[in-house]
Amino acid sequence: MKLKILQNNNYALAGVLEAILLIALVAIVLSIIQLTYVPEIMEQKESDHMDEVANQFSQLKSVIEIQSMMGAMDTGEPITYTPMSSPITMGSKELPYLISARSYGQVDLIDKDDAGDYKINIQPAPADFPTGIPLTSLKYSATNFYYPSQDYILEGGGIILQQSDDEVMRIHPGIDVENRSDLGYIKINYFIPLFNGVSGRKSYGGSQDCYVYTNYTKHYTHSGNAVFIHIYTDHIDAWHEALVNESRGILWEYVDNDYIDVATTPNRIEITPSMHSINLELTIAEIGVQVGPGYAIS
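Being a predicted model, the structure only gives us computed values, none of them experimental. (Residues numbered from 1 in each chain as written. Predicted model: local features only at pLDDT ≥ 70, side-chain atom pairs only at ≥ 80, totals over all residues. Heavy atoms only, no water.)

1. Describing the overall build of the protein
Our working definition: Helix and strand assignments come from DSSP, with helices taken as H or I runs of at least 4 residues and strands as E runs of at least 2, each series counted from the N terminus. All radius of gyration figures rest on C-alpha atoms, and the globule criterion is 2.2 Å times the number of residues raised to 0.38. When a residue's accessible area, from a 1.4 Å probe over protein chains only, is under 20% of the maximum for its type it is buried; when over 50% it is exposed; and in between it is partly exposed. Working rule for contacts: check all heavy atoms of both residues, and any pair within 4.5 Å makes them a contact. With residues, only the protein chains shown are counted as cover, and all accessible areas are computed by Shrake-Rupley using a 1.4 Å probe.
When helices and strands are counted, the protein shows three helices and 16 strands. Over its C-alpha atoms the protein spans a radius of gyration of 29 Å, topping by over 25% the 19 Å that the globule rule assigns to 298 residues. Along the first, second and third principal axes, the C-alpha set of the protein runs to 125 × 50 × 25 Å. Taken over 298 residues, the protein has a buried fraction of 42%. Look at the contacts in the protein between residues 6 or more apart in sequence, and 72% of them connect residues 24 or more apart. As presented, the protein carries roughly 16,300 Å² of accessible surface, and 54% of it is formed by carbon and sulfur atoms.

2. Topic: the sheet that holds strand 12 (residues 210–226)
Short version of the rule: Pairing between strands is defined by DSSP: at least two bridges between the two strands are required. Whenever a helix is involved, its axis is fitted only over the stretch in contact; in every case the axis is a line through C-alpha atoms, and angles between N-to-C directions fall within 0 to 180 degrees.
With respect to topology, five strands assemble into an open sheet ordered 1-12-16-10-9, the strand pairing being mixed. What marks the edges here is a single partner per strand, and that holds for strand 1 (84–88) and strand 9 (174–180). Between one strand axis and the next, the sheet turns through 30° on average, direction left out of account. Note: strand 12 against strand 16 (residues 277–291), 14 bridges, orientation antiparallel. Its bridge partner being in strand 16, Tyr220 is matched across the sheet by Ile284.

3. Looking at a negative patch on the surface
Operational definition: For patch detection, residues must exceed 30% relative accessible area and be free of salt bridges, and they are connected within 9 Å for like charges or within 5 Å for nonpolar side chains (Val, Leu, Ile, Met, Phe, Trp, Tyr). Here, a salt bridge means any side-chain nitrogen of Lys or Arg that lies within 4 Å of a carboxyl oxygen of Asp or Glu. Counted charges follow a simple rule, with Lys and Arg positive, Asp and Glu negative, and His plus the chain ends left uncounted. Here the site of a charge means atom NZ of a Lys, CZ of an Arg, CG of an Asp or CD of a Glu.
A cluster of acidic residues, Asp48, Asp51, Glu52 and Asp209, forms a negative patch at the surface. Positionally, Glu52 belongs in helix 1 (residues 11–72).

4. Things to note about the nonpolar core
What counts here: Nonpolar cores are built from buried Ala, Val, Leu, Ile, Met, Phe, Trp, Tyr and Cys residues. Side-chain atoms within 4.5 Å join them into one set.
Of all hydrophobic cores here, the largest spans 37 residues; its most connected members are Ile120, Leu251 and Ile271. For this core, the element with the most residues is helix 2 (residues 236–244), which contributes six residues. Not counting the four nearest positions on each side in its chain, Ile120 is found in contact with Gly132, Ile133, Leu135, Tyr190, Ile192, Ile229, His230 and Ile231. Formed by 27 residues, the second largest nonpolar core is a distinct cluster that contains Met90, Ala142, Leu161 and Ala285.

5. Remarks on the side chain of Lys61
Here Lys61 is to be found in helix 1. Not counting residues within four places of it along the chain, the set of residues in contact with Lys61 comprises Leu154, Gly157, Ile159, Ile171, His172, Pro173 and Gly174.

6. Observations regarding helix 2
Counted residue by residue, helix 2 has seven buried out of nine residues, so it is predominantly covered. Burial in helix 2 covers these residues: Ile236, Ala238, Trp239, Glu241, Ala242, Leu243 and Val244.

7. Here's the deal with the packing of aromatic side chains
Rules: Between rings of Phe, Tyr and Trp, where Trp is taken as its six-membered ring, a pair exists when centres lie within 6.5 Å; planes separated by under 30 degrees are stacked, by over 60 edge-to-face, and by other angles tilted.
Scanning the entire structure with this criterion turns up two aromatic pairs. Here the aromatic rings of Phe57 and Tyr152 are separated by 6.2 Å at their centres, their planes lie at 40°, and the arrangement is tilted. A residue pair is termed long-range when its members are at least 10 positions apart, and Phe57 in helix 1 and Tyr152 in strand 6 (residues 151–155) qualify at 95 residues. On the accessibility criterion, Phe57 (0% relative accessible area) is buried.

8. Some thoughts on the layout of surface pockets
We apply this condition: Only protein atoms enter the 1 Å grid used here, on which a cavity is any set of points holding a 1.4 Å probe that cannot leave and a pocket is any open set flanked by protein within 12 Å on both sides along at least five of seven lines; residues with an atom within 4 Å of a point are listed as lining. Grid points are joined across faces, edges and corners, and a volume is the space filled by probe spheres set on the points. Each residue receives one of three labels: charged for Asp, Glu, Lys and Arg, nonpolar for Ala, Val, Leu, Ile, Met, Phe, Trp, Tyr, Cys and Pro, and polar for the others, Gly being one of them.
The calculated volume of the largest pocket comes to roughly 210 Å³. Considering the residues around the largest pocket, the lining is formed by Asp108, Ile110, Tyr118, Leu135, Ser137, Lys139, Ile153, Glu155, Thr233, Asp234 and His235. Of all the secondary structure elements, the ones that give two or more residues to the lining of the largest pocket are strand 2 (104–110), strand 5 (137–143) and strand 6. For the lining of the largest pocket, the residue count by class is four nonpolar, three polar and four charged.

9. So, a nonpolar patch on the surface
A surface patch of nonpolar side chains, amounting to about 380 Å² of accessible area, comprises Ile28, Ile32, Tyr37 and Ile41. Structurally, the position occupied by Ile41 is in helix 1. Of the residues examined, Ile41 reaches a relative accessible area of 41% and is grouped as partly exposed.

10. A look at the pattern of salt bridges
Two side chains bearing opposite charge may form a pair once their charged atoms approach each other closely. Inspection of the entire model under this criterion finds eight salt bridges. Close ionic contact of Lys61 with Glu65 constitutes a salt bridge, the shortest N to O distance being 2.7 Å. Of this pair, Lys61 and Glu65 both sit in helix 1, four residues apart, which is roughly one turn of that helix. A relative accessible area of 9% means that Lys61 is categorised as buried.

11. Structural notes on unusual backbone geometry
Of note, the amide linkage connecting Gln123 to Pro124 takes the cis form, showing an omega dihedral of 0°. Within the element layout of this structure, Pro124 appears in the loop between strand 3 (119–123) and strand 4 (133–134). The backbone phi angle of Asp258 is positive, close to 65°, even though this residue is not glycine. Inspection of the secondary structure puts Asp258 in the loop between helix 3 (252–256) and strand 14 (260–265).

Have a look at this one:
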């Protein structure tokens, strides 16, 4: 008969405890990264993305103005106005291997057929727009999960940044003012882009990059004294700040001197003469716009 001797030792138990502690340490480190650093990293990514969209909208505005300027120089010779594409980055990607959410975007075109009550009314009215000039717009709406969601709106030639209940005109519309008070009037030169869309090509959403295709179609002009200029818009605060802000308003100097008046109602901006009359010079450029991948010939 063989005698078996059993001995107690803690070597195996110690190895198991070490493994458990290592796993727990890794889990704690990953939890700290996930709960603390991932939101900060993603917030910065979404902030950088919104800055990128701001730059892209600025470039889109420049493209439209260049196309309009070249079109207005048309000498009557047959010209094919080739569309130009402007990219819009729709969202930012998630982080690899960690739990995070990517952001998304939506681009919507409000063209002259969809503008409805959004318009610029002038009296006397331009011959080509007796009921008002449609106030068209191109809007990018972000769906962010870490950084506040924002909208960029290209409307009436200006770029509006909207966030929650606050909004500001990031880039002023193409309004230039000449002080002719010595002659008893203020001259306002205003370039207005008028967007004309194609059915089925006015909206695009998701996380993939979007392209906005624009091409010059034709332009209209109007000049003469204005009894009033009414701008009907959803963005009263942004327009009012752009026109009469004390430090950067386009018309602030002339309002401050009581040459003209600028007032607001819940749905419109009202520009009227005061001590001086308003001489208005309008250039309205019709721009074909298509949103999304590819270009449809219409």
